[in-house]
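Structure at a glance
The lines below spell out each chain.
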Amino acid sequence: MRGTDDASGTLFSYVDLEKRVPSKHPLRLIRRIVNDALASLYAEFDTRYTDFGRPSIAPERLIRASLIQILFSIRSERQLVEQMNYNLLFRWFVGLGIDDAVWVPTVFTKNRDRLLTTDMSRKVMAAILAHPEVKPLLSDDHFSVDGTLVKAWASMKSFQPIHDAPLPHDDDPGGPPPPTDVLSTDTYKRQKTETPPMHDTVRQPRNVEVNFRGEKRSNATHVSVTDPDARLYKKAPGAAAMLCFMGHTLMENRNGLIVQAELTHADGHGERKAALEMINRHSPGSTRRLTLGADRGYDSADFIAALRRMVVTPHVAQKARYSAIDDRTTRHPGYAISQRHRKKIEEPFGWAKTVGGMAQTTLRGVERVCARFTLTMVANNLARLPRLLAQQAAQ
């Protein structure tokens, strides 16, 4: 018997959201670990809110919503809020009931400087890595470090000479310039009692043609009026320079999980400075012998000396000439193992740019981009946990 194609919906639903999600869905394991990690940060959340006034959106829900945005490659927070309105899987992961109202997109904007910060993203990462199921997956002694470029939310046309660069506008990148004519004294006296007439200003095109040929541009003489923190940089000879930031990660070598993340201005010394900061932040004052694998860009005498003072063996790839790494390091089998494992650090970078939306950030400023970059690395770790824990259980 053929069924009828009735268009009328039911008024009530008696199926719980928990039952609609398949029992073997990978988000179940991810959600359980995230909930445990956020529960351990309850006291930290409490210090960021007052004990009076109108209740805010729960910080745990905002962080879970940001993670689901990264995991499912949702390009904007406005689209995320729209999808949470009809996607039952997203509602279940965030913690919303089927009839609960979804907040407006500006909630993320209001909480970006209070909750969605670099400090909080690092604490979320540390809480997840300290989870009883995740901690056995980590190596305590062997690490790798590397950096990648994150394209800034600024065009090359915004890179203007410092003495000619206008002040950046908050939300009006293409409005008319302010009037430059000065009123005479008689005109000013007459307008004190009259309604000032509107000035006729010539509107500039939002996307004018600009020819940069023959013009020498550098970070010393130019600045982006869209994002002053962005720097003109290229990582490889022959590559095109672009306005960008430099993201850095510290990876443990056992399973390739990211244990530290950092984002700095793009320059030639940023990678080495960030590597020292991350290894010191991860193992402060450690007297245990650690190893750190890296590529040739880290083969610098001052960097190698700093690692040795921190009781860290530098398993850095050697330059063809004037290398600071000698046979005392390369003769050991562990050096070749570290060089083989360090290449896995490129996988989180590729995931972050293809899935996590970090090929070009939509935020401005080092602090906000760093917070997003760190949370993206948290999401990358979470995406790998279901398979890693299943492999561990099968052994």
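Everything quoted here is computed from the prediction, not taken from an experiment.

Reading guide: rules and limits
- Residues numbered from 1 in each chain as written.
- Predicted model: local features only at pLDDT ≥ 70, side-chain atom pairs only at ≥ 80, totals over all residues.
- Heavy atoms only, no water.
- Axes fitted to C-alpha atoms, helices over the stretch in contact; angles between N-to-C directions.
- Helix = DSSP H or I, 4+ residues; strand = E, 2+ residues; numbered from the N terminus.
- Parallel < 35°, antiparallel > 145°, perpendicular 65-115°, else oblique.
- Contact = heavy atoms within 4.5 Å.
- Nonpolar A, V, L, I, M, F, W, Y, C, P; charged D, E, K, R; others polar.
- pLDDT = per-residue confidence, 0-100.
- Left-handed = near helix turned anticlockwise from the far one by under 90°.
- Phe/Tyr/Trp six-rings, centres within 6.5 Å; stacked < 30°, edge-to-face > 60°.
- Buried < 20%, exposed > 50% of the residue type's maximum accessible area, 1.4 Å probe, protein only.
- Expected span 1.5 Å × (residues − 1).
- Bend = angle between axes of the 7 residues up to and from the residue.
- Salt bridge = Lys/Arg side-chain N within 4 Å of Asp/Glu carboxyl O.

**A word on the packing of helix α14 (residues 346-354) against helix α15 (residues 366-394)**
Two quantities define a packed helix pair, namely the angle between the axes and the distance from one axis to the other. Where α14 contacts α15, the two axes come as close as 10 Å, and the packing angle between them is 110 degrees. Overall, the two elements α14 and α15 adopt an arrangement that is roughly perpendicular. Of the residues in α15, those touching α14 at Pro348, Phe349, Trp351 and Ala352 are Phe373, Thr376, Met377, Ala379, Asn380 and Ala383. Counted by class, the contact of α14 with α15 contains 8 nonpolar, 2 polar and no charged residues.

**Details of the confidence of the model for the protein**
On average, residues of the protein score 88 in pLDDT, and 87% of them reach the 70 mark or higher. Taken as a whole, residues 179-185 scores under 50 in pLDDT and shows 3 contacts with residues more than four places along the chain or in a different chain. When the criterion is pLDDT under 50, residues 187-193 qualifies, and its contacts beyond four places in sequence or with other chains add up to 3 contacts.

**Section: the packing of helix α2 (residues 26-40) against helix α4 (residues 59-71)**
It is at 11 Å that the axes of α2 and α4 come closest, and there the two elements cross at 145 degrees. Regarding α2 and α4, the two cross each other, and that crossing is right-handed. Residue-level inspection shows Leu27, Val34, Asn35 and Leu38 of α2 in contact with α4, the latter providing Glu60, Ile63, Arg64, Leu67, Ile68 and Leu71. When the residues that make up the contact of α2 with α4 are grouped by side-chain class, the tally is 7 nonpolar, 1 polar and 2 charged.

**A closer look at the packing of aromatic side chains**
The description of an aromatic ring pair rests on the distance of the ring centres and on the angle between the ring planes. Taken as a whole and assessed by the stated rule, the structure comprises 3 aromatic pairs. Between Tyr298 and Phe303, the ring centres sit 5.6 Å apart and the planes meet at 50 degrees, which makes this aromatic pair tilted. Residue classification places Tyr298 among the buried residues on the basis of a relative accessible area of 0%. On the basis of relative accessibility, which here comes to 1%, the residue Phe303 falls in the buried class.

**Looking at α15**
An ideal rise of 1.5 Å per residue puts 42 Å on 29 residues; α15 measures up with 42 Å between its terminal C-alpha atoms. Of all bends in α15, the biggest is about 40 degrees, found at Leu385, and the proline Pro386 comes one to four residues later.

**Side note on unusual backbone geometry**
In the Ramachandran plot, Ser73 falls in the positive-phi region, its phi being about 55 degrees despite a non-glycine side chain. By the element assignment, Ser73 lies in the loop between α4 and α5 (77-86). Owing to a relative accessible area of 42%, Ser73 belongs among the partly exposed residues under this scheme. Even without glycine at this site, Tyr322 takes up a positive phi of about 55 degrees. One can find Tyr322 in the loop between β8 (312-316) and α12 (327-330).

**Let's talk about the pattern of salt bridges**
With the rule as written, the count across this model stands at 14 salt bridges. For Glu262, the salt bridge goes to Arg281, with nearest N and O atoms at 3.2 Å. With a gap of 19 residues between them, Glu262 in strand β6 (residues 258-265) and Arg281 in helix α10 (residues 270-282) connect regions that are remote in the sequence. Salt-bridge contacts for Asp326 lead to Arg328; the nearest nitrogen and oxygen are separated by 3.0 Å.

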